[in-house]
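Here's the letter readout for the chains.
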Amino acid sequence: MKLKFTKMHGAGNDFVVIDAINQQVDFSPAQWQALADRRFGVGADQMLVVEKSTQAGCDFRYRIFNSDGGEVEQCGNGARAFVKFVAEKGLTDRRSIAVETMSGVISPRLEDDGSVTVDMGAPVLEPALVPFDTEGLQGQPEGRDTLWPLMLELGGEKETVLVSVLSMGNPHAVQVVADTETAPVELTGPLIEHHPHFPKRVNAGFMQIVDRGHIRLRVFERGAGETLACGTGACAAVVAGIRRGLLDSPVRVDARGGQLSIAWAGEGQPVYLTGPAVTVFEGEIELAIN
Ligand SMILES: N[C@H](CCC[C@H](N)C(=O)O)C(=O)O
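Bear in mind the structure is a predicted one, so any value in this text is a computation, not a measurement. (Residues numbered from 1 in each chain as written. Predicted model: local features only at pLDDT ≥ 70, side-chain atom pairs only at ≥ 80, totals over all residues. Heavy atoms only, no water.)

(A) Representation of the domain arrangement of the protein within the structure. For the protein, the assigned domains read domain 1 (2-119 + 276-286) and domain 2 (127-269). Each of domain 1 and domain 2 was reduced to a C-alpha centroid, and the two centroids are 24 Å apart. Counting residues at the interface gives 18 residues for domain 1 and 20 residues for domain 2. Summed over both sides, the interface of domain 1 with domain 2 buries roughly 1,200 Å², with 45% coming from carbon and sulfur. Area buried by domain 1 at its contact with domain 2 is led by Ala11, Glu73 and Gln74, which between them contribute 34% of it. (Domains from an automatic or database assignment. Contact = heavy atoms within 4.5 Å. Buried area = accessible area lost by both parts, 1.4 Å probe.)

Listed below in C-alpha cells is the structure:
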C-alpha cells in the first residue's frame, strides 16, 4: 500500500509524520520499524500519527511510535512538528491546538517567528507513577529532588550512577555530568534504558550545567538510541535541575541538534517547551511488509 508522509525535525530529532485522518494507517511494530529504518525505509527517530480526537475539547489525537516499533506516551519535539504539520496541511486554521496523547492533553502553539511553544503538562514526580521501582534503593535527598543510585554492570566492572527520576508522560532518568561531550552516553545509555528498576524502560539524560540558566544535554532515548535532541528529556532535565537548586527558570538547553528553551514555575505547574519545527520533504512510500 502507498503511504503519504512528511519528513520533519525538531532540533535534529527527526520524524515521519503521517495524516491518518485521510489515510488508513494500521501498522504492526515490524512495519513501523521498517518505515524508521535509515537504509531500507524513510528513516526517523519517531513516527508521528495525526488522528481526529474523540475527547471533548481536543482538536486532534497524537500517536507516537519509536524507531524500535513501540508506541509511547509522549514526544515533545514531535508536538512542535505536529502543530506545524496540521497547520501546513490545512487540517486546522488554528495556531494553538489541544492534542490528546496517551499521557494526557498537551497544547502546542505556533509562534509568529515560526517557533513553537508547547504546554507539556506538569511533571510526575511520584516514582511509582514514572514507573520506577525503588525497592532496595536508598534515595539521597538533594534540594527537593531525590537522587537514586543505579548499579550498572560494564565489562565485569560495577559502577553506580545517581539519577533524578521523573515522568513527562514518558519516563526519564537524568544525571549531571561534567562534560556532555565526554560523557559515556553510548556505553551507559543502554544500561540505564534497560535497567531492571524501570519496568517500562527509561530515557537516559546526561546534563551539563553551564550556568543557572543554561545546560548542555544529551539523551539516550528509550526505543530510539541517542537522538540529536529530546524535548521531554529537556523538560525532565530542567525540572530535575530546578528541584536540585542548580537551575532557575527559564533554561536554555543546548542539544547536539539545536537549541530549546524550557520554563517551569515549580511543583504542580506545567512545563513549557519552546523550539524549532522544520519540514524537510514530502514523500510517498510503498510499504513492502504486510
Ligand atoms: N523515546 C521517547 C519518545 C520520544 C521522545 C523525544 N523524541 C521527545 O522529543 O520528547 C520514549 O520512548 O519515551
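Still more ground to cover, so stick around.
(B) Inspection of the pairing of strand S17 (residues 258-264) at higher detail. The pairing of strand S16 (residues 251-255) with S17 spans 5 bridges and is antiparallel. Bridge pairing in S17 links valine 253 to leucine 260. With 4 bridges joining them, S17 and strand S18 (residues 271-275) adopt antiparallel strand pairing. Bridged to serine 261 within S18 is threonine 274. Hairpin geometry of S17 and S18 is characterised by an intervening segment of 6 residues between the two adjacent antiparallel strands and by a positive phi of about 115 degrees at glycine 266. (Pairing = 2+ DSSP bridges. Helix = DSSP H or I, 4+ residues; strand = E, 2+ residues; numbered from the N terminus.)

(C) Quick peek at the packing of aromatic side chains. Evaluation of the coordinates by the stated rule reveals 7 aromatic pairs. Ring geometry for phenylalanine 5 against phenylalanine 281: centres 6.0 Å apart, planes inclined by 80 degrees, an arrangement best described as edge-to-face. Separated by 276 residues along the polypeptide, phenylalanine 5 in strand S1 (residues 2-10) and phenylalanine 281 in strand S19 (residues 278-286) bring together distant segments of the chain. Under the relative-accessibility criterion, phenylalanine 5 is labelled buried at 6%. On the basis of relative accessibility, which here comes to 37%, the residue phenylalanine 281 falls in the partly exposed class. (Phe/Tyr/Trp six-rings, centres within 6.5 Å; stacked < 30°, edge-to-face > 60°. Buried < 20%, exposed > 50% of the residue type's maximum accessible area, 1.4 Å probe, protein only.)

(D) Main features of the UniProt feature "binding site: substrate" (unreviewed entry) in the protein. The UniProt record annotates "binding site: substrate" (unreviewed entry) at Asn13, Gln46, Asn66, Gly76, Asn77, Asn170, Asn203, Glu221, Arg222, Gly231 and Thr232. Here asparagine 170 lies in the loop between strand S11 (157-167) and strand S12 (171-176). Residue asparagine 170 is classed as buried on the basis of its relative accessible area of 4%. Other than its neighbours up to four places away in sequence, asparagine 170 contacts Glu73, Gln74, Asn203, Arg222 and Thr232. A polar contact of 3.0 Å, which involves the side chain of asparagine 170, links it to the side chain of histidine 172. On the accessibility criterion, asparagine 203 (4% relative accessible area) is buried. Setting aside residues up to four positions removed in sequence, asparagine 203 forms contacts with Asn170, Pro171, His172, Ala173, Val219, Phe220, Glu221 and Arg222. (UniProt positions renumbered as here; feature names shortened; annotations may be inferred. Polar contact = N/O pair within 3.5 Å; in protein donor to acceptor, adjacent residues only side chain to side chain.)

(E) Representation of the site of the ligand in the model. Neighbouring residues of the ligand: 15 residues in total, closest Asn13, Glu221, Arg222, Gly231 and Thr232. Coverage of the ligand by the protein amounts to 100% of the 360 Å² it exposes when considered alone. Listing elements by their share of the shell around the ligand, those giving two or more residues are helix H2 (76-88) and helix H4 (231-243). Tallied by class, residues from the shell around the ligand come to 3 nonpolar, 10 polar and 2 charged. Three or more residues apiece are contributed to the shell around the ligand by two domains, here domain 1 (2-119 + 276-286) and domain 2 (127-269). (Near = heavy atom within 4 Å. Areas by Shrake-Rupley, 256 points an atom, 1.4 Å probe, with all protein chains shown as cover. Nonpolar A, V, L, I, M, F, W, Y, C, P; charged D, E, K, R; others polar.)

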